[in-house]
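One letter stands for each residue in the lines below.
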Amino acid sequence: MSAGSPARFGKKTIRDLDVPEGSRVLVRVDFNVPLDSGEVADDSRIRAALPTIEDLRGRGARLVLCSHLGRPKGPDPATSLSPASARLGELIGQRVHQAPEVVGPEARRGIARLDPGEVLVLENTRWEPGETKNDPELARELAEPVDLYVDDAFGAVHRAHASTVGVAELLPSAAGLLLEREVTTLRGIVEDPDPPFVVVLGGAKVTDKIALIERFLQLADALLVGGAMCFSFFRAQGHTTGDSLVEEEGAALAGEALRRAEGSDCRLLLPEDLVLGSSFSADAERRPLDGVDVPDGWMGLDVGPRTAAAYADEIGNAGTVFWNGPMGAFELEPFAEGTRAVAEAVAAAPGTTVVGGGDSGAALVKFGLADRVTHLSTGGGASLELLEGKSLPGVEVLDDR
Ligand code: ADP
Ligand code: MG
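Residues numbered from 1 in each chain as written. Chains lettered and ligands numbered in written order. Predicted model: local features only at pLDDT ≥ 70, side-chain atom pairs only at ≥ 80, totals over all residues. Heavy atoms only, no water.

Draft legend 1. Structural view of the overall build of the protein chain. A tally of helices and strands in the protein chain yields 15 helices and 17 strands. In terms of overall size, the protein chain behaves like a compact globule, its C-alpha atoms giving a radius of gyration of 22 Å where 401 residues would be expected to give roughly 21 Å. Along the first, second and third principal axes, the C-alpha atoms of the protein chain reach 65 × 45 × 35 Å. In the protein chain, which comprises 401 residues, the proportion classed as buried is 58%. (Helix = DSSP H or I, 4+ residues; strand = E, 2+ residues; numbered from the N terminus. Rg over C-alpha atoms; globule rule 2.2 N^0.38 Å. Buried < 20%, exposed > 50% of the residue type's maximum accessible area, 1.4 Å probe, protein only.)

See below:
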């Protein structure tokens, strides 16, 4: 597979962009990182932006970074980007300036004072109500003090916001190296995966992932289902599900997917055994179940060891693996085994291995396996929308090559 080949990326990247020394470049990054007591708890997304930041600094650009963090409805110190800019400063070994606002006189002053190679981080773009409305006035204020726009925030390109689309329309624009790698890798696995193509889907809700299920039933050789999602399938098959998480519309959608799987070339695998808990809690009573009929008073919180071994086997024999969504409630130690087994199998697999962001990414990081896969996506929602075949407004808007 030619994952990462620039051929399938029709947009300009920073390699194509003329960046005269001293240019002011606005870089949309994804610094939407988890915080813990005012510090960055996981800096993966900041590290992922370093190649683009270092490349542009090396060319003598004056860098202005912007990002959202969380979902504030206005200015809110708890969602300030200052922990992220402090962490970035440690990573690049140079002080990073933090503006107190997204746009306005102080932000403009900070930008005007930058020397070539220096970095200023604007405040959280969601502090501006115009951000999510793609307000043209906000886009104009973002564009006004800079010369060029680079988007390296894969996690945000599925949203048409002022900092992803509005501002890009006003400036010469290009993709950063992370955005290019994300798009080419993910398109690569749907467009020409090395067979057998094995997809592992888990997580909480079948409604979130039904479009992916439908898509992969057409593309994959095997689709392995785990997580709470499998109980919608079991309900559709007439099994008892006890107190397991089942969505209202889940069983109907799952039943439809089961019918579609019958007529497809894709094998759809469901768990054969489970781990039950008396409640959703780390100190719940835990009980293995050989089979999938969950009794009243119990909930299925993980796949069992036979299932984990069967799934690991499929993963080990795959040419290409895509994994999204944990196999169980992995945040609770007694119910993390199935997710751990899948994560280890993906890490050990000889084929191309791609993991969607979100909780499956968090699970990989937790098990210390994040650098053992071909690609760990930084974008949860964006990676799912790309794989579903939807267009990404933040990519579409960038200048063509
Ligand atoms: P991702 O972010 O990787 O796409 P999701 O957000 O869909 O994954 O789902 C992750 C959540 O699903 C986790 O919080 C996990 O606890 C939950 N989950 C997985 N399996 C179960 C289960 N059997 N019962 C309840 N919750 C589950
Ligand atoms: Mg999630």
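Draft legend 2. Expanded view of the side chain of His 158. Note on placement: His 158 falls in the loop between strand S7 (148–151) and helix H6 (162–166). We classify His 158 as buried; its relative accessible area is 14%. Setting aside chain neighbours within four positions, we find His 158 in contact with Gly 381, Ala 382, Glu 385, Leu 392 and Pro 393. (Contact = heavy atoms within 4.5 Å.)

Draft legend 3. Local environment of the site of ligand 1. For ligand 1, the set of nearby residues contains 19 residues, the closest of which are Lys 209, Gly 300, Glu 331, Asp 359 and Ser 360. Contact between ligand 1 and Gly 300: a nitrogen atom at 3.0 Å from a main-chain N or O atom of the residue. In the environment of ligand 1, an oxygen atom lies 3.5 Å from a nitrogen or oxygen atom belonging to the backbone of Gly 325. Expressed as a share of its isolated accessible area of 580 Å², the protein-covered part of ligand 1 is 86%. Secondary structure elements with two or more residues in the shell around ligand 1: strand S14 (299–303) and helix H13 (359–366). Residue composition of the shell around ligand 1, by class: seven nonpolar, nine polar and three charged. (Near = heavy atom within 4 Å. Polar contact = N/O pair within 3.5 Å; in protein donor to acceptor, adjacent residues only side chain to side chain. Areas by Shrake-Rupley, 256 points an atom, 1.4 Å probe, with all protein chains shown as cover. Nonpolar A, V, L, I, M, F, W, Y, C, P; charged D, E, K, R; others polar.)

Draft legend 4. Representation of the packing of helix H11 (residues 305–316) against helix H12 (residues 337–348). Where H11 contacts H12, the two axes come as close as 9 Å, and the packing angle between them is 15 degrees. Of the possible angle classes, the one that applies to H11 and H12 is roughly parallel. Remark: the crossing between H11 and H12 carries right-handed chirality. Contacts between H11 and H12 involve Ala 308, Tyr 311, Ala 312 and Ile 315 from the former and Ala 341, Val 342, Ala 345 and Val 346 from the latter. Across the contact of H11 with H12, the residue classes tally to eight nonpolar, no polar and no charged. (Axes fitted to C-alpha atoms, helices over the stretch in contact; angles between N-to-C directions. Parallel < 35°, antiparallel > 145°, perpendicular 65-115°, else oblique. Left-handed = near helix turned anticlockwise from the far one by under 90°.)

Draft legend 5. A look at helix H7 (residues 177–191). Between its terminal C-alpha atoms H7 stretches 21 Å, which fits the 21 Å expected from 15 residues at 1.5 Å a residue. By the criterion of burial, H7 is predominantly enclosed, with eleven of the 15 residues buried. Within the sequence span of H7, burial applies to Leu 178, Leu 179, Glu 180, Glu 182, Val 183, Thr 184, Thr 185, Leu 186, Gly 188, Ile 189 and Val 190. (Expected span 1.5 Å × (residues − 1).)

Draft legend 6. Quick look at the pattern of salt bridges. One pass over the full model with this rule turns up 21 salt bridges. Each of Asp 43, Arg 47, Arg 87 and Glu 90 takes part in a single network of salt bridges with overlapping partners. (Salt bridge = Lys/Arg side-chain N within 4 Å of Asp/Glu carboxyl O.)

Draft legend 7. Fine view of the sheet that holds strand S16 (residues 352–355). Spatially, the six strands line up as an open sheet ordered S11-S10-S9-S15-S16-S17, and their pairing is parallel. Two strands in the sheet have a free side with no partner beyond their single neighbour: strand S11 (267–269) and strand S17 (375–376). (Pairing = 2+ DSSP bridges.)

Draft legend 8. Structural view of the packing of aromatic side chains. In the structure shown here, the tally under the stated rule is three aromatic pairs. For the ring pair Phe 197 and Phe 216, a centre distance of 5.8 Å and an interplane angle of 85 degrees mean the geometry is edge-to-face. Separated by 19 residues along the polypeptide, Phe 197 in strand S9 (residues 197–201) and Phe 216 in helix H8 (residues 206–219) bring together distant segments of the chain. Across the pair, exposure class does not vary: Phe 197 and Phe 216 are buried alike. Each ring, one from Phe 231 and one from Phe 234, has its centre 6.0 Å from the other, and the planes form 65 degrees; the classification is edge-to-face. Placement of the pair is Phe 231 and Phe 234 together in helix H9 (residues 230–236), with a separation of three residues, close to one helical turn. (Phe/Tyr/Trp six-rings, centres within 6.5 Å; stacked < 30°, edge-to-face > 60°.)

Draft legend 9. Focus on the sheet that holds S14. Taking strand neighbours across the sheet as the criterion, the three strands line up as S13-S12-S14 in an open arrangement whose pairing is antiparallel. Each edge of the open sheet is held by one strand with a lone partner, namely strand S13 (286–289) and S14. Between one strand axis and the next, the sheet turns by 35 degrees as a mean value, whatever way the strands run. In this structure, strand S12 (residues 274–277) lies alongside S13, joined through four bridges in antiparallel fashion. When the bridges of S13 are listed, Gly 277 appears paired with Arg 286.

Draft legend 10. Focus on the pairing of S14. The element S14 is extensively covered by neighbouring structure, given that five of its five residues are classed as buried. The sheet contact formed by S12 and S14 spans four bridges and is antiparallel. The residue bridging Leu 276 from the neighbouring strand is Gly 300, located in S14.

Draft legend 11. Up close: the nonpolar core. By size, the foremost hydrophobic cluster in this structure holds 72 residues, and its most contacted members are Leu 122, Ile 213 and Phe 233. With six residues, H8 is the largest single contributor of residues to this core. With residues near it in sequence (within four places) discarded, Phe 233 still touches Val 206, Ile 213, Val 225, Ala 254, Ala 257, Leu 258, Leu 268 and Leu 270. (Core = buried A, V, L, I, M, F, W, Y, C linked by side-chain atoms within 4.5 Å.)

No statement about biological role is implied by the geometric values presented.
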